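Next come the chains, spelled out residue by residue.
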Amino acid sequence: MESLIGAKPDLALRRPAPLSRFSNPVSGTGVFPVPRRFIGGSKLRAVPEKQSESRCEVEGSGRTSPWLWEKAASGFAAAAAAAAVVCACGCDAPALAESLTVAFPVSRAREVNTVQRTLVEAWGLIRETFIDPTFNHQGIVFPRQEIALDWDLKLQQTMVEMFPLKSEDAAYSKISGMLATLGDPFTRIISPKEYQSFRIGSDGNLQGVGLFINVEPKSGNLVVVLSCIDGSPADRAGIHEGDELIEIDGEQVTGLDSEAAARKLRGRVGSTVRVKLLTVMSLYLYFPVRGEQSGSELREVQISREVIKLSPLSSTVIRHKSNDGYESKIGYVRLSAFSQNAATEMENVIQQMEDEGVQSYILDLRNNPGGLVKAGLDVAQIWLDGDETLVNTIDREGNMLPINMVDGHALTHDPLVVLVNEGSASASEILAGALHDNGRAVLVGHRTFGKGKIQSVTELNDGSALFITVAKYLSPALHDIDQVGINPDVQCTPDALTSSLASFLRDNNTASTLESDSCIMVAEHELEVQKLKGTAS
């Protein structure tokens, strides 16, 4: 895909529950519910009443409190306060739940009104599943209940702020602002167009130039962090990892996020895009630091767009001959992302290498930002036997749930080294932790990124998608990874990050181009140590 948005663990892709019925809210008819159950079995729905307002109901036993109805009718602020009282008093058990109507304005602009429905849906999902039950201290935890009073008021506040808006983008920004108060950068909403871009990364095909781009954390500039897809138009144009994008079709990328820039790079097959970029010469090729540059070159290239098949896997066999003529074979497998097809492709590659007589393996997870957690767990099972614990998850109530294999059978028991660095995140860390803590692999490289949170991804009814942090995870040995990362068993020296990997991805997957990567050499040494110790069974 043309964009890779940092570290991104995703628990699942969920389809929206169908809306029961909906018509134009301006006409005064219709329902747009949040099709989810909340604490104590309550549900929330919004029912338009007039041209200028709507009702927000919390359903329970169906009984109505006259005092609350009176307060709701007296004004918006009073209604919002009444909503908090109802939830505090009635959400613990469905039998005690009250029904309450809260008035809020409904936009006359159809596209803004559609986003208002999305707001109600997103607000409910956050209320039900977000990992922090205090919603970043925006509420009060009552005995036997979890009610976030201020978070409940966010719905009404954001609805009012949306009312005068005229554009869909402005309305989405209000939802983003509401989510930002949670203090979790990974809980976010993306528009339908952005969600289609995200799905491309998971599904495997796009029309574009074959670049992986991200925002460089120190400077905020867009840089190509994972080079180009092998054989892609960008690859043939000589673009390398570490190159900074300056302009796309004459428009500066400053201020654009990676998704916006990616959309400009994609387009119809056969069309072209003009890219101005800065090539920086640095030892730190993946994340260049301006204070350590040894030279730079500004250039412009015209690139044609093609159908790009996204394969997360690159592989080769590294062969060495000893003085006595014995040939050793090391299987090198680089996994760049955890897409839906990652485990299947790896299984096929490992089986092929086993048939070729490979005796040991290097699994390269450097600069792999993660992806689908299930894909990471599936890859782990290629290497592990039995009923091993792959990861431990902790939910919003603090309950720990181990995720175990069931009668697993590894494809190979040959020695294994896993390469990691500061760009290895999320599902990469789950996989590295599973293989390391279960004694299956030695870790070589640098400390990993440190993202120990898992998001669910729910497609909403308007085609947008909501990412919610729903759990945190610990490694099988109960090591906390979030904001800490995983320390490898063996460190590599900084000069290991050379252009050898870029050359490997471009030069027909030849093993000889990997030889200048000192981390590969360290990994080969560790594999020899494992053989001598007889650790592989």
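A brief look at the structure comes next. Predicted model, so just to flag it, every value in this text is computed and none were measured.

Let us now look at the overall build of the protein chain. Counting its secondary structure elements, the protein chain contains 13 helices and 24 strands. Taken over 537 residues, the protein chain has a buried fraction of 55%. Sequence separation of 24 or more characterises 71% of the internal contacts of the protein chain that already satisfy a separation of 6 or more. Taken as a whole, the protein chain presents about 21,800 Å² of accessible surface, with 52% of it coming from carbon and sulfur.

Applying the stated criterion across every chain, the model contains one disulfide. Disulfide pairing is shown between cysteine 492 and cysteine 519; the S-S distance is 2.2 Å. Of the two residues, cysteine 492 is situated in the loop between strand E24 (490-491) and helix H12 (500-506) and cysteine 519 in helix H13 (residues 518-533); the sequence distance between them amounts to 27 residues. Assigned by exposure class, cysteine 492 and cysteine 519 land together as buried.

All right, on to the packing of helix H3 (residues 110-129) against helix H5 (residues 168-180) then. Two packed helices can be described by the angle between their axes and the distance between those axes. For the pair H3 and H5, interaxial distance at closest approach is 9 Å and the crossing angle is 15°. Classified by the interaxial angle, the pair formed by H3 and H5 is roughly parallel. Both H3 and H5 take part in a crossing whose hand is right-handed. Along the contact surface, H3 presents Glu111, Val112, Val115, Thr118, Leu119, Trp123 and Ile126, while H5 presents Glu168, Ala171, Tyr172, Ile175, Met178 and Leu179.

On to the packing of aromatic side chains, then. Any aromatic ring pair is given by two values, namely how distant the centres are and how the planes are angled relative to each other. Under the criterion given, the structure shown has three aromatic pairs. Pairing phenylalanine 135 with tryptophan 151 gives two aromatic rings, centres 5.5 Å apart and planes at 0°, and the pair type is stacked. Linking phenylalanine 135 in the loop between H3 and helix H4 (149-162) with tryptophan 151 in helix H4, this pair joins segments that are 16 residues apart in sequence. By relative accessible area, phenylalanine 135 is classed as buried at 2%. For tryptophan 151, a relative accessible area of 0% corresponds to the buried category. Here a set of aromatic residues connected by ring pairs shows up, and it is made of Phe130, Phe135 and Trp151. A cation over a ring is seen here: lysine 451 above phenylalanine 186, with NZ or CZ 3.7 Å from the ring centre.

A few words now on the sheet that holds strand E20 (residues 416-420). Strand order in the open sheet formed by six strands is E15-E16-E17-E20-E21-E24, and the pairing between neighbours is mixed. Bordering the open sheet on either side are strand E15 (313-321) and E24, each of which pairs with just one other strand. Sheet topology note: the strand E21 (residues 442-445)/E24 ladder contains two bridges and is parallel. Each bridged residue has a counterpart across the sheet, and for valine 444 the counterpart in E24 is valine 490. Strand contacts of H13: E15, strand E16 (327-335), strand E17 (360-364), E20, E21 and E24, with the helix running at about 155° to E20, the strand carrying the most contacts.

In this sheet, strand E19 (residues 400-404) lies alongside strand E18 (residues 389-394) in antiparallel orientation, the contact comprising five bridges. From the neighbouring strand, isoleucine 394 faces E19, where its bridge partner is methionine 400. The antiparallel pairing of E18 with E19 creates a hairpin that spans five residues between the two strands, and glycine 398 there sits at a positive phi of about 85°.

Turning our attention to unusual backbone geometry. In this structure, aspartate 407 takes a positive phi of about 50° despite not being glycine. For glutamine 483, which is not a glycine, the phi torsion comes out positive at approximately 60°. On the secondary structure map, glutamine 483 appears in the loop between strand E23 (465-474) and E24.

By the criterion of burial, E18 is predominantly enclosed, with five of the six residues buried. With three bridges connecting them, E18 and E23 associate as antiparallel partners. Residue asparagine 392 lies in a different strand from E23, and its bridge partner there is leucine 474.

Another point: helix H11 (residues 427-437). The buried fraction of H11 is high, at nine of 11 residues. Every buried residue of H11 is accounted for by Ala427, Ser428, Glu429, Ile430, Leu431, Ala432, Gly433, Ala434 and Leu435. Lining the buried residues of H11 we find E17, helix H10 (373-383), E18, E20, E21 and E23. Glycine 439 lies just past H11 and shows a positive phi near 70°.

Criteria and cut-off values
Residues numbered from 1 in each chain as written. Predicted model: local features only at pLDDT ≥ 70, side-chain atom pairs only at ≥ 80, totals over all residues. Heavy atoms only, no water. Helix = DSSP H or I, 4+ residues; strand = E, 2+ residues; numbered from the N terminus. Buried < 20%, exposed > 50% of the residue type's maximum accessible area, 1.4 Å probe, protein only. Contact = heavy atoms within 4.5 Å. Areas by Shrake-Rupley, 256 points an atom, 1.4 Å probe, with all protein chains shown as cover. Disulfide = S-S within 2.5 Å. Axes fitted to C-alpha atoms, helices over the stretch in contact; angles between N-to-C directions. Parallel < 35°, antiparallel > 145°, perpendicular 65-115°, else oblique. Left-handed = near helix turned anticlockwise from the far one by under 90°. Phe/Tyr/Trp six-rings, centres within 6.5 Å; stacked < 30°, edge-to-face > 60°. Lys NZ or Arg CZ within 6 Å of the ring centre and 35° of its normal. Pairing = 2+ DSSP bridges.

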